[in-house]
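Chain residues, written in single-letter form:
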Amino acid sequence: MPEDPLLPPLAHAPGLEDLHAGLHDVLRLIEIEHALLRGRLESLKADSEGARLLEGVMVLGAVLQQRMAGLLQICREIGRL
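1. Side note on helix α2 (residues 49-79)
For an α-helix the count is 3.6 residues per turn, leaving residues at separations of three or four pointing the same way. The terminal C-alpha atoms of α2 lie 45 Å apart, and with 31 residues this matches the ideal 45 Å at 1.5 Å per residue to within 8%. Turning to α2, its buried residues number three or more, namely Ala51, Leu54, Met58, Gly61, Gln65, Met68, Leu72, Cys75 and Gly79. Elements that come into contact with the buried residues of α2 comprise α1 (16-42). Positive phi appears at Arg80, one or two residues downstream of α2, with a value of about 50 degrees.

2. Concerning the side chain of Gln65
Tracing the backbone through its elements, the reader meets Gln65 in helix α2. Those residues in contact with Gln65, other than ones at most four positions away along the chain, are Leu27, Ile30 and Glu31.

3. So, a nonpolar patch on the surface
Together, Leu29, Ile32 and Leu36 make up an exposed nonpolar region whose accessible area comes to about 310 Å². Position of Leu29 relative to the elements: it lies in helix α1.

4. Side note on the pattern of salt bridges
Scanning all chains against the criterion turns up one salt bridge. Where Glu31 meets Arg28, a salt bridge forms, and the shortest distance between an N and an O atom there is 3.3 Å. In this pair, Glu31 and Arg28 both sit in helix α1, three residues apart, roughly one turn of the helix. Residue Glu31 is classed as partly exposed on the basis of its relative accessible area, which comes to 31%.

5. Focus: α1
Between its first and last C-alpha atoms α1 spans 39 Å; for 27 residues at 1.5 Å apiece the expected length is 39 Å, and the two agree. Among the structural elements, α2 are those in contact with the buried residues of α1.

6. Comments concerning the packing of α1 against α2
One can describe the packing of α1 onto α2 by two numbers: an axis separation of 9 Å at closest approach and a directional angle of 160 degrees. Judged by the inter-axis angle, α1 sits roughly antiparallel to α2. Here α1 and α2 pass one another in a crossing that is left-handed. Tallied by class, the residues present in the contact of α1 with α2 amount to 18 nonpolar, six polar and five charged.

7. Things to note about the nonpolar core
Listed in full, the seven residues of the largest apolar core are Leu16, Leu23, Leu27, Ile30, Met68, Leu72 and Cys75. Secondary structure elements with two or more residues in this core: α1 and α2. Of the residues forming this core, the biggest block, four residues, is contributed by α1. Membership of the second largest hydrophobic core comes to five residues, among which are Leu41, Ala51, Leu54 and Met58.

Reading the values: rules and limits
- Residue numbering note: each chain is counted from 1, following its sequence as written.
- This being a predicted model, a pLDDT of at least 70 is required before a residue's local features are given, and a value of 80 or more before pairs of side-chain atoms are given or counted; all residues contribute to the totals for chains, interfaces and linings.
- For the side-chain quantities, the full set of heavy atoms in the structure was used; hydrogens and water were omitted.
- Secondary structure elements are defined from DSSP: runs of H or I of at least 4 residues count as helices, runs of E of at least 2 residues count as strands, and each element is numbered from the N terminus.
- Multiplying 1.5 Å by the residue count of a helix minus one yields the expected span of that helix.
- A simple rule labels every residue: compare its accessible area, found with a 1.4 Å probe on the protein chains alone, to the largest value its type can have, and call it buried under 20%, exposed over 50%, or partly exposed in between.
- Throughout, a contact is declared for two residues whenever any of their heavy atoms are within 4.5 Å.
- Patches were defined on residues exceeding 30% relative accessible area and lacking a salt bridge, with like-charge contacts within 9 Å and nonpolar side-chain contacts (Val, Leu, Ile, Met, Phe, Trp, Tyr) within 5 Å.
- We get accessible surface area from the Shrake-Rupley algorithm with a probe of 1.4 Å; when it comes to residues, only the shown protein chains can shield them.
- Whenever Lys or Arg places a side-chain nitrogen within 4 Å of a carboxyl oxygen from Asp or Glu, that contact is recorded as a salt bridge.
- To get an axis, a line is fitted to the C-alpha atoms, and for a helix only the part in contact is used. The angle between two axes follows their N-to-C directions and goes from 0 to 180 degrees.
- Each angle receives one of four descriptions, namely roughly parallel if under 35 degrees, roughly antiparallel if over 145, roughly perpendicular if within 65 to 115, and oblique otherwise.
- Each crossing gets its hand from how the near helix is turned against the far one by less than a right angle, where anticlockwise is left-handed and clockwise is right-handed.
- Charged residues are taken to be Asp, Glu, Lys and Arg, nonpolar residues to be Ala, Val, Leu, Ile, Met, Phe, Trp, Tyr, Cys and Pro, and polar residues to be all remaining types, Gly included.
- Think of a nonpolar core as a cluster: buried Ala, Val, Leu, Ile, Met, Phe, Trp, Tyr and Cys residues, connected wherever their side-chain atoms sit within 4.5 Å.

In short, geometric facts, not functional conclusions.
The following block contains the structure:
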């Protein structure tokens with residue numbers, strides 16, 4: 001979409017840098033959680049119900065990481081960050 005020369009540049013959109021920083025913080029927390037869960041999974045029996053449940057939670061976390069990375073990329077592109 002071409003930029004409208006009458007509108008302020010998107011890089012100066014209020015709060016965009018804060019949004020980017022907040023998304024980055026959430027992504028980092030998800031990464032920490034994933035590492036903690038992986039450590040917990042290693043201590044469980046591979047065929048136990050708890051291990052299967054924990055593996056599912058870790059897959060969900062990986063999907064969240066991918067979505068957050070996509071949102072961060074959108075922020076970077078819009079705001080030229």
